[in-house]
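Okay, here's what each chain looks like letter by letter:
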Amino acid sequence: MSTPHRFRRTVVSLIGVAAIVGTLLGCAPPSDTGGGSGASTIRLGHIGGQGDKLDPYFTSSPTAADEARFRQVWEPLTWKQPDGSIQNWLAESLEPNEDYTEWTVTLKDVTAHNGEKLTAQDVVDTFQYVLDPANNFNTSQFTILDVDAMEALDDKTVVFKLTEPFGPFNVFLEGHPVMKIVDGELIGTGPFVPVSFTPGQSAIFERFDDYWGEKPGFERLEIASFSDQTAIANALRAGQIDIAGSLPYTDSVSFMDTPGFEVLESPNSAKQVVMDMRTDLAPFDDPRVRLAFKLIIDREEVAQVAYQGFAEPSGDFMHGSDSCPAPNIPQREQDIAQAMSLLEEAGVPGLEVTYAYTVAAPGGEEMAELFAQSAAEAGVKVNLDFMDEPTFLSQWGQWPFAINYWQYPAVNSATTSMRADHPFNSTRWANVEFNELSQQLQRTSDFDAQCAILDRMKELQHDDGGFIDPVSVTTLNAHSDKVQGLKPSVWDDAFFRFAGVSIEQ
Amino acid sequence: MTVSTEAIAIRRRRRIRVPWWLSRLLQGVLILILISILVFAVTQALPGDVVNMILGKNATPERVALVREELGLDRSLWEQYWSWLTGIFRGDLGNSLATGRPVSEVVGFRLRNTLVLSGLTILLTLPLAVLIGVLAAVKRDRAADKGFLGFSMVVNATPEFVLGTLLVALFSTTVLHWLPAVSLFPPDAFPTWYPLAMVLPVTTLTMYGVMYLARLVRASFIDAMESEYVENARLKGLTERRIIFVHVLPNALAPVIPAASIVAAITIGGTVVVEYLFAYPGIGTVLLEAIGNRDLPIIQVLVMIIASAYFILNFVADLFQKDDWSAGR
């Protein structure tokens, strides 16, 4: 008879279940489970993962979320401003010698998070730390800095010595935070002090009350990492976060009509999503083919379809990434007939090419598809080769025709990766005049002179350059209407520039 | 005898292997090793590697070589696999290639969170499936039963992602604003401290299991109700309640047990999608990301965990069945 056996088993099972349920539900949470105990808090949601970092320096380029985190803690001597300009930040002044090979930088009166003042020696220590080969940081732009010859003259004055003249030194310093290094700990000077950080999950900061600059109007900042953009949109809708750091355009637009939310529009973004052509490989070694491809794309269509109308046609040159007046370059329009005759002239009618792309930036995939459709009208067959990021990066720089994206100050690009001899020149474009202008750019610190040189460089890119840059994008940042004081910025950083920003509790 | 002699006879006819649990255990270990070799080989075969992801667009041949050496990727494939395998036996899960942090640290609390999520789901699924299945069988062919059948078909035909999104729209973002849309809680928190944040992920997972299992329970229950021993019991004048609970239910559940263990295993695998959707800090999101990063040590450990869960749950189901046979005897 099995009833007693079954009874015993039932009792044992019930005890087991009760024990598990008890363990699951009975654990009492601590009194404060992360609510911030009444402090005014802004919660920001962004795409992230195990690779999240809270460091001022990186082996690769930081993601937008990494930047959102580290910019709260560590600050550079000069910093790019929302209008595209570069301004002194921790530096009070920058004085060059006659041939721009030596720069004397005077520091502001700045208190670091440990309560001590930031000194000139700290600046020297920072650059020595950054250029230590053992750290393997991405330091391609530091090749002109003679770090061993750097010198702290007094507490506030530091001298940088360069191996070649560099006039736009303020741009060079931009984006390279300085800090106090105490027992291996990197102590910042920024508006927030990190409290806790778990990659792939969250970073929590508290306001630094001795901050030297304009303070945020709230006390606590939480940056949550999401692996999926839909989850970010849902979290914002459900009131679990206050600002969405990255959303697809369709989602951002949907918040425009939703009560309780606002969408910050930052036009003329410095972030460029482009189609790179290898100018040293056939068929793109022929300038006529490059020009034909630039005439094939329907820029208005890309703006409407890929960016929901939040973009303006642009003209295949660097834009948004400086505060110079807009160059006087006529707007390029789609012209299939001319493209076809150029391809005919170049001897490649009915061309077939493969375009390699990945999930790089919003709009990049739609752009590829739209280009392929327009190309078909011109008799060009474009094979779209979509792949995941590691696959794409494994052949980075080798693809003859591929997506690219960047967001650097124009002076920076013009003196590094756009130059013929630079290892990161992905199009291998080697224009003699462009390279001479790049050298000239290095030899002036005068803003107007720099703009004049950049103007001509942009013109050369427009006429002959190796990338198709169809549109200038407006960045959208959806946020709760309780958040006040966010200001547009060309750098895709409007959602984490918190000076003067507050939240209604 | 209240238990049908025929049912026992059918069970007896099955062959029982003597040290079956031992051979099963050895089989399990062997399968895990084979899976680890397979995962290793497949990850190697994928184009691109973790160094590309670490250096991104700023890779120069010198920096690539430096990182490869640091990570030990310059060693032969066999050496890499062997050092991983021996590490496992020493209890060292290795370090994440992408971030350099110990795998145990990355996986630890997330595995706990996933176990809580799937544990709660399984605890809810089994009794609910039995309850709904029995009710549907008792009300066979009536409106409630037909409604259940239709609804369960729709639920099981809907991808988890869609079902979860619908629940979010319904209860969090669009129609009602009762529940959190995503499961944001601090890393050191136990998930059940935030019961509201658990509701939607658990519901999404539970609905699948319940709808599938309840249909099985219903079919199996109807079969049992139509059997001869029930007829006999009725003729002997037993009450309907006694027939259902004492005679039909235990027999109806026997064929459901293996299915239940599979559903439990699928639940653990299914958390991958649900965690992604609800930003739930479990192993699912980490696994997807590790595959995207080609981060082999993390992929290996997580695949091993999921495979072991399948193995253990099947083992437990077998245990229950064997137990049932000996009990019947």
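Because the structure is predicted, anything quoted here is derived from the model rather than measured.

**A short note on the overall build of chain A**
Looking only at helices and strands, one finds 14 helices and 26 strands in chain A. Looking at chain A as a whole, 54% of its 505 residues are labelled buried. Of the contacts formed within chain A by residues at least 6 apart in sequence, a portion of 71% connects residues at least 24 apart. As displayed, chain A has an accessible area near 19900 Å², and 50% of this comes from carbon and sulfur atoms.

**Some details on helix α7 (residues 287-296) of chain A**
Residues and elements named next belong to chain A. The buried fraction of α7 is high, at 7 of 10 residues. Residues of α7 that are buried: Val289, Arg290, Ala292, Phe293, Lys294, Leu295 and Ile296. The opening residue of α7 is Asp286, an N-cap whose side-chain oxygen sits 2.9 Å from the backbone nitrogen of Arg288.

**Quick look at empty space enclosed by the protein**
Residue and element names in this part refer to chain A. On inspection of all chains with the given rule, the structure shows 3 cavities of 30 Å³ or more. Computed from the structure, the largest cavity encloses a volume of approximately 60 Å³. Lining the largest cavity we find Asp276, Arg278, Trp396, Gly397, Trp399, Pro400, Ala402, Ile403 and Ser426.

**Details of the pairing of strand β12 (residues 192-198) of chain A**
All names here are of chain A. In terms of strand pairing, β12 meets strand β13 (residues 202-207) through 6 bridges, oriented antiparallel. Looking at β13, one finds that Pro194 is bridged to Phe205. Between β12 and β13, which pair antiparallel one after the other, the connecting turn spans 3 residues, and Gly200 there sits at a positive phi close to 80°.

**Re the packing of aromatic side chains**
A complete count under the given rule lists 36 aromatic pairs over all chains for this structure. A centroid spacing of 5.9 Å and a plane angle of 40° characterise the contact between Tyr81(B) and Trp84(B), whose relative ring orientation is tilted. Of this pair, Tyr81(B) and Trp84(B) both sit in helix α5 (residues 77-89), 3 residues apart, which is roughly one turn of that helix. Just as Tyr81(B) is buried, Trp84(B) falls in that class too. In textbook terms, an aromatic cluster arises when at least three aromatic residues are bridged by ring pairs, as seen for Tyr100(A), Trp103(A), Phe127(A), Phe160(A), Phe166(A), Phe169(A) and Phe172(A). The ring of Trp79(A) is capped by Arg497(A), whose NZ or CZ atom sits 4.3 Å from the centre of that ring.

**Here we look at a negative patch on the surface**
Residues and elements named next belong to chain B. A grouping of Glu69, Glu70, Asp74 and Glu79 is seen on the molecular surface, where their side chains present a negatively charged patch. Among the structural elements, Glu79 can be located in helix α5. Judged by its relative accessible area of 42%, Glu79 falls in the partly exposed class.

**Side note on the state of the cysteines**
Note on terminology: disulfide describes a covalent bond linking the sulfur atoms of two cysteines. Residues and elements named next belong to chain A. A full pass over the atoms with the stated rule returns 1 disulfide over all chains. There is a disulfide in this structure between Cys324 and Cys451, and the S-S distance comes to 2.0 Å. Classification of the bridge connecting Cys324 and Cys451 rests on its S-S torsion, roughly -85°, and on that basis the disulfide is left-handed. Placement of the pair is Cys324 in the loop between β18 (311-313) and α9 (336-345) and Cys451 in helix α14 (residues 447-464), with a sequence separation of 127 residues. For the residue pair Cys324 and Cys451, the accessibility class agrees, reading buried in each case.

**Topic: the nonpolar core**
Residue and element names in this part refer to chain A. Among the nonpolar cores identified, the biggest contains 65 residues, and Phe226, Phe293, Tyr307, Phe371, Val380, Phe392 and Phe401 are the most heavily contacted of them. Considering each element in turn, this core owes the most residues, 6 residues, to helix α10 (residues 364-377). The contact partners of Phe401, leaving out residues within four places of it in the chain, are Met275, Asp276, Met277, Phe284, Phe293, Val353, Thr354, Tyr355, Ala356, Phe371 and Ile468. The next biggest cluster of nonpolar side chains, apart from the first, holds 60 residues, and it includes Val123, Phe160, Phe192 and Phe498.

**Notes on the interface of chain A and chain B**
Across the contact, 53 residues belong to chain A and 53 residues belong to chain B. Roughly 4500 Å² is buried in total at the junction of chain A and chain B, and carbon and sulfur atoms are behind 57% of that figure. Applying the counting rule to chain A against chain B returns 1 salt bridge. Among the salt bridges present, the one from Arg294(B) reaches Asp388(A), with a minimum N-O distance of 2.9 Å. Counting the contacts that link chain A with chain B gives 13 residue pairs in polar contact (both at pLDDT 80 or more). By residue number, the principal contributor to the side of chain A that touches chain B is helix α1 (residues 3-26) of chain A, which donates 9 residues. Partitioned by chemical class, the residues of the side of chain A that touches chain B number 24 nonpolar, 23 polar and 6 charged.

**A look at the sheet that holds strand β8 (residues 157-161) of chain A**
Residue and element names in this part refer to chain A. The antiparallel open sheet is built from 4 strands, whose spatial order is β5-β6-β8-β7. Two strands in the sheet have a free side with no partner beyond their single neighbour: β5 (91-96) and β7 (151-152). Alignment of β5 against strand β6 (residues 102-107), held across 5 bridges, turns out to be antiparallel. Pairing of Leu94 across the sheet is with Val105, part of β6. Of the strands in this sheet, β6, β7 and β8 are in contact with helix α3 (residues 120-130), which crosses β8 at around 30°.

**Comments concerning the pattern of salt bridges**
Summed over all chains, the structure comprises 30 salt bridges over all chains. We note a salt bridge from Lys117(A) to Asp109(A), for which the minimum N-O separation is 3.4 Å. Looking at Lys117(A), the relative accessible area reads 38%, which means it is partly exposed. Close ionic contact of Arg140(B) with Glu226(B) constitutes a salt bridge, the shortest N to O distance being 2.7 Å. With Arg140(B) in the loop between α6 (103-138) and α7 (143-157) and Glu226(B) in the loop between α9 (195-225) and α10 (228-235), the pair connects residues that are 86 residues apart, well separated along the chain. Note on Arg140(B): relative accessible area 38%, which makes it partly exposed. Residue Glu226(B) is classed as exposed on the basis of its relative accessible area, which comes to 52%. Taken together, the salt bridges that share partners define one network made up of Glu67(A), Arg71(A), Lys80(A) and Glu174(A).

**As for the environment of Arg288(A)**
All names here are of chain A. Within the secondary structure, Arg288 sits in helix α7. The partly exposed category is assigned to Arg288, whose relative accessible area is 32%. In contact with Arg288, not counting residues within four places along its chain, are Leu342, Glu345 and Ala346.

**Some points on a nonpolar patch on the surface**
Residues and elements named next belong to chain B. On the surface, Trp21, Leu22, Leu25 and Leu26 cluster together into a nonpolar patch covering about 400 Å² of accessible area. Turning to its location among the elements, Leu22 is positioned in helix α2 (residues 20-45). On the basis of relative accessible area, Leu22 is assigned to the partly exposed category, the value being 40%.

**Examining α14(A)**
All names here are of chain A. Here α14 contains 18 residues, and its C-alpha end-to-end distance of 26 Å stays within 8% of the 26 Å for a straight helix at 1.5 Å per residue. Those residues of α14 not exposed but buried are Gln450, Cys451, Ile453, Leu454, Met457, Lys458, Leu460, Gln461 and His462. Looking at the buried residues of α14, the elements they touch are α7, α12 (410-415), α13 (432-442) and β22 (467-468).

**Considerations on the confidence of the model for chain B**
For chain B, per-residue confidence averages 82 on the pLDDT scale, and 92% of positions sit at 70 or higher. For this predicted complex, the interface confidence reaches an ipTM of 0.78, while the overall pTM sits at 0.84.

**What to know about the environment of Ile31(B)**
Take Ile31(B): it is sitting in helix α2. Sequence spacing of Ile31(B) and Ser308(B) is 277 residues, and the spatial spacing of their C-alpha atoms is 9.5 Å.

**Focus on the packing of α7(B) against α9(B)**
Residues and elements named next belong to chain B. Taken N-terminus to C-terminus, the directions of α7 and α9 make an angle of 135°; their axes are 9 Å apart at the nearest point. Here α7 is positioned oblique relative to α9, judged by the angle of their axes. Judged by the sense of rotation from one axis to the other, the crossing of α7 with α9 is left-handed. Across the interface between the two elements, Asp145, Phe148, Leu149, Phe151, Ser152, Met153, Val155 and Asn156 from α7 touch Met207, Tyr208, Met211, Tyr212, Ala214, Arg215 and Arg218 from α9.

Procedures and definitions
- Residues numbered from 1 in each chain as written.
- Chains lettered and ligands numbered in written order.
- Predicted model: local features only at pLDDT ≥ 70, side-chain atom pairs only at ≥ 80, totals over all residues.
- Heavy atoms only, no water.
- Helix = DSSP H or I, 4+ residues; strand = E, 2+ residues; numbered from the N terminus.
- Buried < 20%, exposed > 50% of the residue type's maximum accessible area, 1.4 Å probe, protein only.
- Contact = heavy atoms within 4.5 Å.
- Areas by Shrake-Rupley, 256 points an atom, 1.4 Å probe, with all protein chains shown as cover.
- Polar contact = N/O pair within 3.5 Å; in protein donor to acceptor, adjacent residues only side chain to side chain.
- 1 Å grid on protein atoms, 1.4 Å probe; cavity = no way out; pocket = protein on both sides within 12 Å on 5 of 7 lines; lining within 4 Å.
- Points joined across faces, edges and corners; volume = space filled by probe spheres on them.
- Pairing = 2+ DSSP bridges.
- Phe/Tyr/Trp six-rings, centres within 6.5 Å; stacked < 30°, edge-to-face > 60°.
- Lys NZ or Arg CZ within 6 Å of the ring centre and 35° of its normal.
- Patch = residues over 30% accessible without salt bridge, like charges linked within 9 Å, V, L, I, M, F, W, Y side chains within 5 Å.
- Salt bridge = Lys/Arg side-chain N within 4 Å of Asp/Glu carboxyl O.
- Lys, Arg positive; Asp, Glu negative; His and termini not counted.
- Charge placed at Lys NZ, Arg CZ, Asp CG, Glu CD.
- Disulfide = S-S within 2.5 Å.
- Core = buried A, V, L, I, M, F, W, Y, C linked by side-chain atoms within 4.5 Å.
- Buried area = accessible area lost by both parts, 1.4 Å probe.
- Nonpolar A, V, L, I, M, F, W, Y, C, P; charged D, E, K, R; others polar.
- Axes fitted to C-alpha atoms, helices over the stretch in contact; angles between N-to-C directions.
- Expected span 1.5 Å × (residues − 1).
- pLDDT = per-residue confidence, 0-100.
- Parallel < 35°, antiparallel > 145°, perpendicular 65-115°, else oblique.
- Left-handed = near helix turned anticlockwise from the far one by under 90°.

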